[in-house]
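# Summary of structural features
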Amino acid sequence: MDRFRMIFQYFQSNSESVMNGICGLLALASVKMYTSFDFSCPCLPQYNMAYGLGIMFVPPVILFLCGLILNRQSLVMLEEWRRPQGRRKKDVAVIRYMCSSIMQRAMVAPVVWIIVTLLDGKCLICAFSGSMDPEKFVGFANVSTAQVQQLLAKVPCKDDELMRNNTSRKAVSRYLRCWSQALGWSILLILIIAAFLARWLRPCFNQTTLLQARHWSNYIDIEQKIFEETCCEHSRLFAHKCILHFFESMQQEIKLHSFSLPREGEGAEGEEDLLRGITDQDQVNKLLKTWYYEKPPLDVS
Amino acid sequence: MDKFRMIFQFFQSNQESFMNGICGIMALASTQMYSAFDFNCPCLPHYNLAYGLGILLLPPFILFLLGFVLNNNISMLAEEWRRPQGQRGKDPAVLRYMFCSMAQRAMIAPAVWVSVTLLDGKCITCAFCTSVPVETLGNASHPYLSKEEIQRVLARIPCKEIYNGQQLIANEVAVRYLRCISQALGWCFVLLMTTLAFLVRSLRPCFSQAAFLKSRYWSHYIDIERKLFDETCAEHARSFAKVCIQQFFEGMSTDLVAARCHLPRKVPADAGEAAEKLLGITDQGTMNMALKSWHRCKPPLHLHPPALSNGNGWAGEGQPPTHPSVPRRETAAYYSWV
């Protein structure tokens, strides 16, 4: 019982920290994924924008879904949402609380990806180099319209033979990178201010409802864990009883068949108990065969 | 027994995390395998496609099978599937649950291989370099080059050192194009897999939660029952062996006493446990004879009450002890030493 209490406390205190840990790991994984991904802009007029914006927005969707999948609480919330009412009322505030906490945690990794992408700048340079106004840049101002699109599309590729020593390419690149980094920092600033305000102003609104919702959402989580634990414990005991019954029924069958004299042996009495009356190669073979061909019914009454 | 129970509970609660761990290790192993593999495009017209697609699709198949092989529960599933019904009904939902959970875990490493391959781009570049649209990306105005020639030149795109078609289409342009397509495919594949996983996980509580709880309970039960049965059999075998060997030594010592017409030596009252454990064998000659007999003529697998065994050789498979046993004699039976 004491052990159960210790496990109780462990789960209670650590459910939130486990989820925060997963959230942090996903954020780190997202940075690692970005650095190990070999970004290679196609440098072709129609493909650039699709590629650039795709790299900026598709992985965040993937990371968001991963954040939802890896979070155990999302399953708990869904079960609570879909369960039939039965004898326990459903509290919408609890479900809302759980939903919002899951969403907040799942949003961290995608936001990290987007910010890292913007601060690095490669995606925006790739996506928007073709939309630049060529008049602003000396090297592109006097080129025919048909060719200028091709040239602008090649700006992200430094090693292309046409772009290798082009100073206007560097100008376009720097310009776009500046915009990209400004956007990245602004988004970061806005998000941090929003998070700060949300945390700071929250006690001013509905504090009691919040405390209740948090308590009951924690409760539902723990109840689920303990139910699974109890089921495991129960199935272990069930199996134990079932096997004991099986051995006893084998023992009785053997006694019926062999009419052996009751044993008065002192010898290894502890061992005799463990042998459960099965003391012969045939008997053991019969037991194993019966176990395979005729498993006992799931009934230990 | 208490220690056993604790270890049991640990494995039980951690069976899932143990299998998740193996799953994660295989995913890491698959990325490591890919980076260690030395990709070598043949740069020949028809071989490129075969090589590229082979590297893309064959290792995932191997990893999928390996995922099943490394999963301990596969034998449990097979056993439950093939067992005769007997007194216990078979529930197809439980079998389905076990199979689905194993298949889901086995799918992870192949999916990781395919994603990493597509995101890296070498395979697709190798496989599809002959299908690059030369009209849009390069100069298709080479009338003196026949179709086969063009194919041969394009096939060399992945091998920069021997590429000789710079006038036809620039190598970097073609490689960038193919890589862009490959990476787009890779990300779409990852998005698709993640969406599928999310749907599978989130639709289940909406539709079949009760059935799911039932299947999960009984699949755990089958696993635990099997382990407990193996434990019980192991305990039984241990006790069986102990009693068998004890009876062997007792038989030996009584037999030798009868053969030498010695009175059984009285164990001095204060000799204690050690003397009892000697089982009546107290000199080199006797011990050697005991060892020789153990090797040449092992006792039958038939334990008797403290009176002596009365048979040699193996009890046959099809001979259950159905006849009432002969009243036992208290004196030694004759052994043959052969």
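This is a predicted model, so every value here is computed, not measured. (Residues numbered from 1 in each chain as written. Chains lettered and ligands numbered in written order. Predicted model: local features only at pLDDT ≥ 70, side-chain atom pairs only at ≥ 80, totals over all residues. Heavy atoms only, no water.)

For the rest of this paragraph, the subject is the overall build of chain B. From N to C terminus, chain B includes 12 helices and 0 strands. Along chain B, from the amino end to the carboxyl end, the secondary structure elements read α-α-α-α-α-α-α-α-α-α-α-α. Taken over 338 residues, chain B has a buried fraction of 36%. Across chain B, contacts joining residues at least 24 apart in sequence account for 77% of those joining residues at least 6 apart. Total accessible area on chain B stands at roughly 20400 Å², and carbon and sulfur atoms take up 64% of it. (Helix = DSSP H or I, 4+ residues; strand = E, 2+ residues; numbered from the N terminus. Buried < 20%, exposed > 50% of the residue type's maximum accessible area, 1.4 Å probe, protein only. Contact = heavy atoms within 4.5 Å. Areas by Shrake-Rupley, 256 points an atom, 1.4 Å probe, with all protein chains shown as cover.)

In this section: the overall build of chain A. In terms of helices and strands, chain A carries 11 helices and 0 strands. Its helices and strands in sequence order give chain A the pattern α-α-α-α-α-α-α-α-α-α-α, from N to C terminus. Taken over C-alpha atoms, the radius of gyration comes to 34 Å for chain A, far larger than the 19 Å a tight globule of 301 residues would show. Overall, chain A is about 115 × 55 × 35 Å in size when its C-alpha atoms are taken along their principal axes. The buried share of chain A, taken over its 301 residues, is 38%. For chain A, contacts bridging at least 24 residues in sequence account for 76% of all contacts bridging at least 6. Split by element, the accessible area of chain A, about 18000 Å² in all, is 62% carbon and sulfur. Distance from the positive charge centre (33 side chains) to the negative charge centre (29 side chains) of chain A: 14 Å. (Rg over C-alpha atoms; globule rule 2.2 N^0.38 Å. Lys, Arg positive; Asp, Glu negative; His and termini not counted. Charge placed at Lys NZ, Arg CZ, Asp CG, Glu CD.)

A word on the interface of chain B and chain A. If you look at the interface, chain B gives 65 residues, while chain A gives 74 residues. With both chains or domains summed, chain B and chain A bury close to 6700 Å², and 64% of this area falls on carbon and sulfur atoms. Linking D38 of chain A and R179 of chain B is a salt bridge whose minimum nitrogen-to-oxygen distance equals 3.2 Å. Mapped by element, the contributors of at least two residues to the side of chain B that touches chain A are α1 (2-36), α3 (73-82), α9 (171-207) and α10 (209-260) of chain B. Broken down by element, the side of chain B that touches chain A gets its largest block of residues, 19 residues, from α10 of chain B. Of the residues in the side of chain B that touches chain A, the class split is 32 nonpolar, 19 polar and 14 charged. (Buried area = accessible area lost by both parts, 1.4 Å probe. Salt bridge = Lys/Arg side-chain N within 4 Å of Asp/Glu carboxyl O. Nonpolar A, V, L, I, M, F, W, Y, C, P; charged D, E, K, R; others polar.)

Listed under "transmembrane region" (unreviewed entry) in the UniProt record, and renumbered for this structure, are residues 49-71, 92-115 and 182-201 of chain A. Split by type, residues 92-115 of chain A is 100% helix and 0% strand. Its first and last C-alpha atoms lie 34 Å apart. (UniProt positions renumbered as here; feature names shortened; annotations may be inferred.)

We now examine unusual backbone geometry. Trans peptide bonds make up the majority, and among non-glycine residues the majority have a negative phi. Residue and element names in this part refer to chain A. Even without being a glycine, C43 presents a positive backbone phi close to 55°. Position of C43 relative to the elements: it lies in the loop between α1 (2-36) and α2 (47-70). For N206, which is not glycine, the phi dihedral falls at a positive 55°. Among the structural elements, N206 can be located in the loop between α8 (167-201) and α9 (207-258).

Here we come to the packing of α3 of chain B against helix α4 (residues 92-106) of chain B. A pair of packed helices is characterised by two quantities: the angle between their axes and the separation of those axes. All names here are of chain B. Contact geometry for α3 and α4: axes closest at 10 Å, N-to-C directions at 155°. Our classification of the angle between α3 and α4 gives roughly antiparallel. For the pair α3 and α4, the sense of crossing is left-handed. Contacts from N73, I74, M76, L77, E80 and W81 of α3 reach α4 at L95, M98, F99 and M102. Tallied by class, the residues present in the contact of α3 with α4 amount to 8 nonpolar, 1 polar and 1 charged. (Axes fitted to C-alpha atoms, helices over the stretch in contact; angles between N-to-C directions. Parallel < 35°, antiparallel > 145°, perpendicular 65-115°, else oblique. Left-handed = near helix turned anticlockwise from the far one by under 90°.)

The positions UniProt marks with the feature "transmembrane region" (unreviewed entry) are residues 21-37, 49-70 and 184-203 of chain B. Taken end to end, residues 184-203 of chain B has its terminal C-alpha atoms 28 Å apart, with 100% of it in helix and 0% in strand.

Most often, soluble globular proteins keep nonpolar side chains buried together rather than apart. Residues F37, F39, Y51, I55 and W113 of chain A together with W187 of chain B are the most contacted members of the largest nonpolar core, which totals 22 residues. Secondary structure elements with two or more residues in this core: α1, α2, α4 (92-120) and α5 (122-128) of chain A together with α9 of chain B. When residues of this core are assigned to their parent elements, the largest contribution, 5 residues, is made by α2 of chain A. The residues contacting Y51 of chain A, other than those within four sequence positions of it, are F37, D38, F39, S40, C41, P42 and C126 of chain A together with C180 and Q183 of chain B. (Core = buried A, V, L, I, M, F, W, Y, C linked by side-chain atoms within 4.5 Å.)

For the pair α2 of chain A and α9 of chain B, the least separation of the axes is 10 Å and the interaxial angle reads 25°. For the element pair α2 of chain A / α9 of chain B, the angle class is roughly parallel. Remark: the crossing between α2 of chain A and α9 of chain B carries left-handed chirality. Here Y47, Y51, I55, V58, P59, V61, I62, L65, C66, L68 and I69 of chain A of α2 of chain A come into contact with α9 of chain B, specifically with Y177, C180, Q183, W187, V190, L191, T194, T195, A197, F198 and R201 of chain B. For the contact of α2 of chain A with α9 of chain B, the residue count by class is 18 nonpolar, 3 polar and 1 charged.

Any aromatic ring pair is given by two values, namely how distant the centres are and how the planes are angled relative to each other. For the coordinates displayed, the defined rule picks out 24 aromatic pairs over all chains. With a centroid separation of 5.3 Å and 65° between ring planes, the pair formed by F39 of chain A and Y51 of chain A is classed as edge-to-face. Here F39 of chain A is found in the loop between α1 and α2, whereas its partner Y51 of chain A is found in helix α2, with 12 residues between them in sequence. The residues F39 of chain A and Y51 of chain A share a single accessibility class, namely buried. Both rings, one in F238 of chain A and one in Y221 of chain B, keep their centres 5.3 Å apart while their planes meet at 90°; by these two values the pair is edge-to-face. On the criterion of chain membership, the pair formed by F238 of chain A in helix α9 and Y221 of chain B in helix α10 is interchain, its members lying in two chains. Residues F238 of chain A and Y221 of chain B agree in their burial class; the two are buried. Following the ring pairs from residue to residue traces out a cluster consisting of Y34, F37 and W113 of chain A together with W187 of chain B. One Lys or Arg, R82 of chain B, reaches over the ring of W81 of chain B and ends 5.9 Å from the middle of that ring. We note R204 of chain B situated over the ring of F212 of chain B; from NZ or CZ to the ring centre the distance is 3.6 Å. (Phe/Tyr/Trp six-rings, centres within 6.5 Å; stacked < 30°, edge-to-face > 60°. Lys NZ or Arg CZ within 6 Å of the ring centre and 35° of its normal.)

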